[in-house]
Number of protein chains: 2
Amino acid sequence: MIKAGILGYGNLGRGVEAAIARNEDMTLAAVYTRRDPGNLKINTPGVPVKSAEALEGGEEDIDVLIICGGSATDLPAMTPKYAALYNVVDSFDTHANIPQHFANVDTAAAAAGRLGLISCGWDPGMFSLNRLYAASVLPGGEAYTFWGRGVSQGHSDAIRRIEGVVDARQYTVPVPDAVARVRAGENPELTTREKHTRECYVVAAEGADKARIEQEIKTMPNYFSDYDTTVTFITAEEMKEKHSGLPHGGSVIYTGETGQKGMKHVIEYSLKLDSNPEFTGSVLAAYARAVVRLNAEGRTGGVTVFDIAPAYLSPLSGEELRAHCL
Amino acid sequence: MIKAGILGYGNLGRGVEAAIARNEDMTLAAVYTRRDPGNLKINTPGVPVKSAEALEGGEEDIDVLIICGGSATDLPAMTPKYAALYNVVDSFDTHANIPQHFANVDTAAAAAGRLGLISCGWDPGMFSLNRLYAASVLPGGEAYTFWGRGVSQGHSDAIRRIEGVVDARQYTVPVPDAVARVRAGENPELTTREKHTRECYVVAAEGADKARIEQEIKTMPNYFSDYDTTVTFITAEEMKEKHSGLPHGGSVIYTGETGQKGMKHVIEYSLKLDSNPEFTGSVLAAYARAVVRLNAEGRTGGVTVFDIAPAYLSPLSGEELRAHCL
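Just so it is clear, the model here is predicted, and its values are computed rather than measured.

Parameters at a glance
Residues numbered from 1 in each chain as written. Chains lettered and ligands numbered in written order. Predicted model: local features only at pLDDT ≥ 70, side-chain atom pairs only at ≥ 80, totals over all residues. Heavy atoms only, no water. Pairing = 2+ DSSP bridges. Helix = DSSP H or I, 4+ residues; strand = E, 2+ residues; numbered from the N terminus. Contact = heavy atoms within 4.5 Å. Axes fitted to C-alpha atoms, helices over the stretch in contact; angles between N-to-C directions. Phe/Tyr/Trp six-rings, centres within 6.5 Å; stacked < 30°, edge-to-face > 60°. Buried < 20%, exposed > 50% of the residue type's maximum accessible area, 1.4 Å probe, protein only. Lys NZ or Arg CZ within 6 Å of the ring centre and 35° of its normal. Least-squares fit on C-alpha atoms with pLDDT ≥ 70 in both. Salt bridge = Lys/Arg side-chain N within 4 Å of Asp/Glu carboxyl O. pLDDT = per-residue confidence, 0-100. Domains from an automatic or database assignment. Buried area = accessible area lost by both parts, 1.4 Å probe. Polar contact = N/O pair within 3.5 Å; in protein donor to acceptor, adjacent residues only side chain to side chain. Nonpolar A, V, L, I, M, F, W, Y, C, P; charged D, E, K, R; others polar.

1. So, the sheet that holds strand S1 (residues 2-7) of chain B
Residues and elements named next belong to chain B.
- With parallel pairing, the seven strands of this open sheet are ordered in space as S3-S2-S1-S4-S5-S6-S14. What marks the edges here is a single partner per strand, and that holds for strand S3 (49-51) and strand S14 (301-303).
- Where strand S6 (residues 115-117) meets S14, three bridges bridge the pair, whose relative direction is parallel. Opposite Leu115, over in S14, you have Gly301 as the bridge partner.
- Relative to S1, helix H1 (residues 11-21) is tilted by about 165°, and along the sheet it contacts S1, strand S2 (26-33) and strand S4 (64-67).

2. Regarding the packing of aromatic side chains
- Scanning the entire structure with this criterion turns up seven aromatic pairs over all chains.
- Look at Trp122(A) and Phe127(A): their rings are 5.2 Å apart centre to centre, the planes differ by 80°, and that puts the pair in the edge-to-face class. The burial state of Trp122(A) is the same as that of Phe127(A); both residues are buried.
- In this structure an aromatic cluster arises from ring pairing among Trp122(A), Phe127(A) and Tyr269(A).
- Over the ring of Tyr171(B) we find Arg149(B), and its NZ or CZ is 4.2 Å from the ring centre.

3. Observations concerning the sheet that holds strand S11 (residues 228-233) of chain A
All names here are of chain A.
- Read from one edge of the open sheet, four strands run S8-S9-S10-S11, paired in mixed fashion. Two strands in the sheet have a free side with no partner beyond their single neighbour: strand S8 (150-151) and S11.
- Sheet topology places strand S10 (residues 196-204) next to S11; six bridges connect them, and they run parallel. What sits directly across from Arg198, in S11, is Thr229.
- Here helix H5 (residues 153-160) sits on the sheet in contact with S8, strand S9 (165-174) and S10, set at roughly 145° to S9.
- Most of the contacts of helix H8 (residues 210-218) go to S11, to which it runs at about 150°, and overall it touches S9, S10 and S11.

4. Re the relation of the copies chain B and chain A
- Structural alignment of chain B on chain A gives an RMSD of 0.0 Å, achieved by rotating through 180° and translating 0.0 Å along the axis. The superposition of one copy onto the other is thereby described by a two-fold rotation axis. Considering only C-alpha atoms, the residue of chain B closest to the rotation axis is Ala309(B), which sits at 1.9 Å.
- Taken together, the interface assignments show that 100% of the residues at the interface of chain B recur at the interface of chain A, consistent with an identical surface on both copies.

5. Examining the pattern of salt bridges
- The full count for this structure, using the stated rule, is 34 salt bridges over all chains.
- Among the ionic pairs, Lys3(B) bridges to Asp61(B), the shortest N-O distance being 3.2 Å. Here Lys3(B) is found in strand S1, whereas its partner Asp61(B) is found in the loop between S3 and S4, with 58 residues between them in sequence.
- By relative accessible area, Lys3(B) is classed as partly exposed at 28%.
- You can call Asp61(B) exposed: its relative accessible area is 54%.
- A salt bridge links Lys242(B) to Glu238(B); its shortest N-O distance comes to 3.4 Å. Of this pair, Lys242(B) and Glu238(B) both sit in helix H9 (residues 236-242), four residues apart, which is roughly one turn of the helix.
- A residue is classified by how much of its surface remains accessible, and Lys242(B), at 54% relative accessible area, is exposed.
- When its relative accessible area of 28% is taken as the criterion, Glu238(B) is described as partly exposed.
- Here the residues in one salt-bridge network are Asp157(A), Arg160(A), Asp167(A) and Arg169(A), joined through shared partners.

6. What about the environment of Ser91(A)?
Residue and element names in this part refer to chain A.
- Relative to the helices and strands, Ser91 resides in the loop between strand S5 (88-89) and helix H3 (98-112).
- Judged by its relative accessible area of 12%, Ser91 is buried.
- Note: C-alpha distance between Ser91 and Cys68 (23 residues apart in sequence) is 7.3 Å.
- Residues within four places of Ser91 in sequence aside, it is in contact with Leu12, Ile67, Ser71, Leu75, Ser119, Cys120 and Leu284.

7. What to know about the confidence of the model for chain A
- Looking at chain A, the pLDDT average stands at 97 and 100% of residues meet or exceed 70.
- Reported for the predicted complex are a pTM of 0.97 and an ipTM of 0.97.

8. Examining unusual backbone geometry
- The linkage connecting Asp123(A) with the following residue, Pro124(A), adopts the cis geometry, with an omega of 5°.
- Following the sequence through the fold, Pro124(A) ends up in the loop between strand S6 (115-117) and helix H4 (126-137).
- Following Gly148(B), the chain continues to Arg149(B) via a peptide bond in cis, the omega torsion being 0°.
- Looking at the secondary structure, you find Arg149(B) in the loop between strand S7 (142-147) and strand S8 (150-151).
- With a phi angle near 55°, Asn187(A) is a residue other than glycine that sits in the positive phi range.
- Secondary-structure assignment places Asn187(A) in the loop between helix H6 (176-183) and helix H7 (192-195).
- One non-glycine residue with positive phi stands out, namely Asn222(A), at about 65°.

9. Looking at the domain arrangement of chain A
Residues and elements named next belong to chain A.
- Domain boundaries in chain A define domain 1 (2-123 + 277-324) and domain 2 (139-273).
- On a C-alpha basis, the centroid separation for the pair domain 1 and domain 2 is 29 Å.
- On the side of domain 2, eight residues touch domain 1, which itself brings five residues to the contact.
- When domain 1 packs against domain 2, the two sides together hide about 560 Å² of surface, and 74% of this comes from carbon and sulfur.
- Our count for the domain 1 to domain 2 interface comes out at zero salt bridges.
- Seen at the junction of domain 1 and domain 2, the total is two residue pairs in polar contact (both at pLDDT 80 or more).
- Residues that form the side of domain 1 that touches domain 2 fall into these classes: three nonpolar, one polar and one charged.

10. Let's talk about the pairing of strand S12 (residues 248-258) of chain B
Residues and elements named next belong to chain B.
- Along S12, 10 of the 11 residues are buried, which leaves the element largely enclosed by surrounding structure.
- Strand direction decides the pairing type here: S7 and S12, joined by six bridges, are antiparallel. Each residue of the ladder has a partner; that of Ala143, found in S12, is Tyr254.
- In this structure, S12 lies alongside strand S13 (residues 263-273), joined through 11 bridges in antiparallel fashion. Residue pairing across strands places Ser251 opposite Ser270, the latter belonging to S13.
- Here S12 hands over to S13 after four residues, with Gly259 in that stretch at a positive phi of 75°.

Laid out in structure tokens, this is it:
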């Protein structure tokens, strides 16, 4: 049995917890929190909730710690810190800072004889794998990534910070025509605006100036100003009824050529997810298994999904995999 | 530069040759043939064509031998034989015999300090990887594999063996309704007949009994009797004009659930290929790179695509991959 700890019990931490429950060779040893453990009730009966401070001495009886924090400030500090004490897995997704984060985790884990996997999930994660496999098989081709239709929590949060907004949900939506052109092998050059639209559902405070809110959303730099954005005001009841889930998904579409005649090939990987955090948590759980096994074989330092042979993710033996999956 | 040899110069051998030409870190060292090398003209200028006998002493200056033979009789003998002399890659696809073939290659390669990769291509190969990744992330789900629309060379050959048939091309076609039900997460139980149909285009000899030919095709056991099969007689000119390519493709669709509420997720990997042998050859070339690198690190014995970390397939460094693909 692989004993896993979860640090952080937000949407992602609960997603990992749910995933561990469906993996028969894994058990949830403890949930660690920076909040008051006495106030935190988790879904798994009989599993202790502890203060994050309990992790400090490196003496917790866990094979791997799955760190479920935010990429902005939590993970850059937490993952290197705990990689010096435990095998760790995180879902760091601030692209520009991956080299620095990787270096920090690699140094800490290598010195401690531990293994630290960063940037795991579906993007970065499963989508990254598919970009790499496709580019390796068809060198010189073009990779397109489309996200959605799905809820972007970062964009939803950005809308909620606007004055007069009570609640908000933002869906990222791929432009169907762009997807169709890529699938057809046209290899189009697409601007940000041509690839995705943004649909916003907003509950406004009573008496709030809706025209101003809509204008503030549509002109918000980085988040919305480069996109065709629609804003729909709804009631709190409608928000609860129709927009309480966290669905997501998307596609990596890679087109490339072979041979002297330029034969065309299209490789497409797509996800349609009812729950973004539960799927992401499931990816983290499978990779936690791989990290424990690889470290047991003596592998240490920092790694990404690129460095892990697929067989390590599965509880099945090599014989079973060759017989049933190959 | 990775020096690759190709053994066997049929459709697949030419596909590997075309792939090597598009990989800047690989060079084609020689093509080996069991036919008379003097009669074989290959597409790459300046590359020697040699008798397969030249491989016997293990002294050819190649880093890896890509064996492009048939699974029925060629590969079971050839891959273990040459795995005792060189690093090898094959595309063995007789599913039931994979365990025995793997054992033979593993034993030969391990004893010689070489690495032998079997069953590489797209199915087995890229499709297998996607079945494994999906099943590892969503345990307890269901994998569906659909092939086509594409030319099955085995089925085309089977038709050509019927008396009165001059030429034939058979397309395997997924049933759209079955694909739609799987994509919708219905988890249907599907019979062979419900998953695929078979379209046959046949050039009959002058005066041949077309009704008898059609009957023989539709009742042929294993190949056609379990499928809804259509037979269309065409002229030799039409065959050449419309059916001279070898397109193929298909999808692996995996559906699974997470959490206590049973959130549904659909993972789909699909290929749309203008040329089956050129794409398969491209997969073999990328894995040949991985085999050379892994053997240089000391890895020996038998492996499949499951055992190879994705980063080994790419000519890019770990830093480059983390910066551009992750």
